[in-house]
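# Secondary and tertiary structure notes
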Amino acid sequence: MRAKIRKIVTFLEETHSEMERLITPPTRRAAAVAVIANPCAGKYVEDLSELMAVGEELGELLTQRAVAVLGIAGDKAESYGKAAAVGENGELEHAAAILHPKFGTPVRKVLGKGAALIPSSKKRGGLGVALDIPLGHKDAAYVRSHFDGMEVRINDAPRANEIMVAIAVTDSGRPLPRVGGLTKDQIKGEDGLR
Amino acid sequence: MPEVLVRKRVLSVEEIFHEGGPPADRPLKRAAALSVIRNPFAGTYADKIETFMDDLKPLGLEMARALVKALGGDRQRIEGYGKGAIVGSAGEIEHGALWHVPGGYAMREVLGGAKAIVASTKKVGGPGARLDVPITHVNASYVRSHFDAMEVGIADAPRADELVLALVMTTGPRVHARVGGLKASEIKGEDGLR
C-alpha cells in the first residue's frame, strides 16, 4: 500500500422516520474515510502521480469498506459521491490528484457498474473540518430522488500534513422524495445521465 | 408509556493504525452508536419522567449489540466504554439523565457483567452539536491506558424536540499509551475501580 494510513473511519446512517412518518425500510447511507499522510505537504510538487496512485488504492479500499458497512453486494448500491479535505500544508490540487484521475475506476469495479460521474467536493481545512460529500445516482446522474449529501467529520483530522479522503455509498435515495423528476425505475443507464 | 420513536441511527467505527508513533500490532478500534429519538417531554415540565428509562432499555440493548458486532463480534475484545446524550433545545438536561440506567446497564449486560461504572457526559445542544464521550476500562476505572474519549455528533440532530443517545466501545488502550499508572494486566476486578 503506497498510502500511509493513520486511521480509517466508517459511518452508517439509517433514517427510520422523518416528520413522524415511518420510513420502511429505512434509507441508508455509508461513508468510509481514510486519513493519510500527504507526501507533497509543505512544498510545491509539480508531478502529482504519487497522489494519483494513492487515489487508485483508496478508491478500491474505501468503496469496499462502505459496501461492507451497508452489508450489501456492490451492485445493490444506488448512489455515490467522493470528497477530500487537505490539511493546511497541502494544496487543493493534491485533493484533485487523489480524486479525479484514478479514483473512479476501482470504485466502479467494486460496485459492478457506475455509468454516472461520481459527484465530488474538496476543500482545505483544519482538524474537525466538515466534509459534505455530494451524492448522486450511480447509473443516471439526473435521478432527482437521489440528489443528496452526507456530512462527515473526524475531530483529529486532517492534521497539517494529512489528507482526508472519503467516499459515500447508499442503497437508497432521500427518505421522502417528492419533488418529481427522473425516477430510478425510468433509468436507461446508457449515458450515465438518464 | 411514551413510545420510543427513532428518527435516525448512526454507527461509526474508527480504526486507528498509529498517531505518529510505531503502528499498533492490532489497530485500535473505537465505535459509537447514536440514536436520534423524539423527546416525549420536550416543551413542558414533566415531574414524572422515570418510567421512560424502562422504555429505553430495548433500544440500549440493540445499540450495545450493534457496537459489539461492529467491533468484530466478540464481546471479550471490548476493553473500554462510555455513554452520553445531547438534549435538543426544547428539553432539559434532566431528560439526558434518563439515559444513564438503560444505556449503562445495556452495555454491561451485553458485555457479560462489566464491573466499572460507565463514564458519561451530557449536554443541551442544537443540530450538529458535538459531544466528547468519555471512555474508561470496562472492569477497572483507574486503568490509565484506557482513559480516552470519542467525539460524536450528527449534522441534523438533535432538533429541538429530540434526544441524541450515544454509546461508545473500544477494543483497547490509546494507540501510543505511555503515561504509566494502573495497567490492564494489574486489574483485581473486585470493586470496578482497580
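In this text the structure is predicted, and so the values were computed from the model without any measurement. Residue numbers run consecutively from 1 along every chain, following the written order of its sequence. Following the order in which they are written, the chains are lettered starting with A and the ligands numbered starting with 1. Where local features are concerned, this predicted model is filtered to residues with pLDDT of at least 70; where side-chain atom pairs are given and counted, the filter is 80 or more; whole-chain, interface and lining totals use all residues.

### Considering the overall build of chain B
- Looking only at helices and strands, chain B features three helices and seven strands.
- C-alpha atoms define the radius of gyration in this analysis, and the globule rule sets the expected value at 2.2 Å times the number of residues to the power 0.38. Relative to the 2.2 N^0.38 estimate, which gives 16 Å for 194 residues, the radius of gyration of chain B is 17 Å and therefore close to what a compact globule would have.
- Dimensions of chain B, computed from the C-alpha atoms along their principal axes, are close to 50 × 35 × 25 Å.
- Buried positions account for 47% of the 194 residues belonging to chain B. By the criteria applied, helices consist of DSSP H or I runs no shorter than four residues and strands consist of E runs no shorter than two, each listed in order from the N terminus. In this scheme every C-beta is placed from the backbone, and a residue whose C-beta has 20 or more other C-beta atoms within 10 Å is buried, one with 12 or fewer is exposed, and one in between is partly exposed.

### Things to note about the overall build of chain A
- Looking only at helices and strands, chain A has three helices and seven strands in total.
- Written out in order from the N terminus, the α and β elements of chain A read β-β-α-β-α-α-β-β-β-β.
- In summary, chain A has a C-alpha radius of gyration of 17 Å against a globular reference of 16 Å for 194 residues, a match within 12%.
- Dimensions along the principal axes, computed over C-alpha positions, put chain A at roughly 50 × 35 × 25 Å.
- Going through the 194 residues of chain A one by one, you find that 51% of them count as buried.

### Considerations on the interface of chain B and chain A
- With 17 residues of chain B at the interface, the matching set in chain A holds 17 residues.
- Per-element tally for the side of chain B that touches chain A: the top contributor is strand β1 (residues 6–16) of chain B, with 11 residues.
- Amino acids outside the nonpolar list (Ala, Val, Leu, Ile, Met, Phe, Trp, Tyr, Cys, Pro) and the charged list (Asp, Glu, Lys, Arg) are all regarded as polar, and Gly is one of them. Residues that form the side of chain B that touches chain A fall into these classes: eight nonpolar, two polar and seven charged.
- Bridge analysis of strand β1 (residues 5–18) of chain A against β1 of chain B gives nine bridges, and the strand direction is antiparallel. Within the sheet, the bridge partner assigned to Thr15 of chain A lies in β1 of chain B and is Lys8 of chain B. Contact definition: two residues whose C-beta atoms, as placed from backbone geometry, lie within 7 Å. Paired strands, in this sense, are two strands between which DSSP finds at least two bridges.

### Section: the nonpolar core
- Each nonpolar core comprises buried Ala, Val, Leu, Ile, Met, Phe, Trp, Tyr and Cys residues, the members being joined through C-beta atoms within 7 Å. Counting 101 residues, the largest nonpolar core has Ala31 and Ala166 of chain A as its most contacted members.
- Setting aside residues no more than four positions away along its own chain, Ala166 of chain A makes contact with Ala31, Val33, Lys82, Ala83, Ala84, Leu131, Ile133 and Val152 of chain A.

### Comments concerning the environment of Arg174 of chain A
Residue and element names in this part refer to chain A.
- Looking at the element boundaries, Arg174 is found in the segment after β7 (162–170).
- In this structure, the C-alpha to C-alpha distance between Arg174 and Gly189, residues 15 residues apart in sequence, is 20 Å.
- Among residues more than four places away in sequence, those in contact with Arg174 are Thr27, Ser145 and Asp148.

### Points about the packing of helix α1 (residues 49–70) of chain A against helix α2 (residues 92–99) of chain A
Residues and elements named next belong to chain A.
- Angles shown run from 0 to 180 degrees and are taken between the N-to-C directions of axes, each axis being a line fitted to C-alpha atoms and, for helices, limited to the stretch in contact. In the contact formed by α1 and α2, the axes pass within 6 Å of each other and the chain directions differ by 50°. Comparing their axes, α2 and α1 come out oblique. Where α1 crosses over α2, the handedness of that crossing is right-handed. On α2, the residues that touch Leu51, Met52, Val54, Gly55 and Leu58 of α1 are His94, Ala97, Ile98 and Leu99.
- Tallied by class, residues from the contact of α1 with α2 come to seven nonpolar, two polar and no charged. Reported orientations rely on four angle classes, namely roughly parallel under 35 degrees, roughly antiparallel over 145, roughly perpendicular from 65 to 115, and oblique for the rest. Left-handed describes a crossing in which the near helix is turned anticlockwise from the far one by less than a right angle; the clockwise case is right-handed.

### So, the confidence of the model for chain B
- Values of pLDDT, ranging from 0 to 100, describe the predictor's confidence in every residue of the model. In the predicted model, chain B carries a mean pLDDT of 95, and the fraction of residues at 70 or more is 99%.
- Taken together, the chains of this predicted complex give a pTM of 0.92 and an interface ipTM of 0.87.

### A look at the packing of helix α1 (residues 52–70) of chain B against helix α3 (residues 100–110) of chain B
All names here are of chain B.
- Two numbers describe how α1 lies on α3: the axes approach to 8 Å, and their chain directions differ by 45°. Accordingly, the angle class assigned to the pair α1 and α3 is oblique. Handedness of the crossing formed by α1 with α3: right-handed. Within the contact between the two elements, α1 uses Met53, Leu56, Lys57, Gly60, Leu61, Met63, Ala64, Arg65 and Val68 and α3 uses Val101, Pro102, Gly103, Ala106, Met107, Glu109 and Val110.
- Its residues assigned to classes, the contact of α1 with α3 comprises 11 nonpolar, two polar and three charged.

### With respect to helix α3 (residues 104–111) of chain A
Residues and elements named next belong to chain A.
- Among the residues making up α3, those that are buried are Gly104, Val107, Val110 and Leu111. An end-on view of α3 places all buried positions within 125° of arc, on one side of the element.
- On the buried face of α3, the contacting elements are α1, β3 (79–86) and β7.
- Gly112 occupies a position one or two residues after α3 and carries a positive phi of about 85°. Directions are taken from the helix axis to each C-beta atom, and the arc is the one they span.

### A word on unusual backbone geometry
- Note that the residue after Ala157 of chain A, namely Pro158 of chain A, is joined by a cis bond; omega there is -5°.
- Turning to its location among the elements, Pro158 of chain A is positioned in the loop between β6 (148–152) and β7.
- With an omega dihedral of 0°, the bond running from Ala157 of chain B to Pro158 of chain B counts as a cis peptide bond.
- In this fold, Pro158 of chain B is placed in the loop between β6 (148–152) and β7 (162–170).
- Positive phi is not limited to glycine here, since Met19 of chain A has a value of about 50°.
- Examined against the element boundaries, Met19 of chain A turns out to sit in the loop between β1 and β2 (21–37).

### Observations concerning α3 of chain B
Residues and elements named next belong to chain B.
- Of the residues making up α3, those classed as buried are Pro102, Gly103, Gly104, Ala106, Met107 and Val110.
- Residues of α3 that are buried make contact with α1, β3 (80–87) and β7.
- Just downstream of α3 lies Gly112, where phi reads positive at about 80°.

### As for the pairing of β7 of chain B
All names here are of chain B.
- Of all nine residues that make up β7, nine are buried, and the element is covered over most of its length.
- On β7, burial covers both faces: Glu162, Val164, Ala166, Val168 and Thr170 on one face and Leu163, Leu165, Leu167 and Met169 on the other are all buried.
- In terms of strand pairing, strand β2 (residues 28–38) meets β7 through nine bridges, oriented antiparallel. Paired with Ala33 across the bridge in β7 is Leu167.
- By the bridge criterion, eight bridges tie β3 to β7 in an arrangement that is antiparallel. Bridge pairing links Lys83 to Leu167 in β7.

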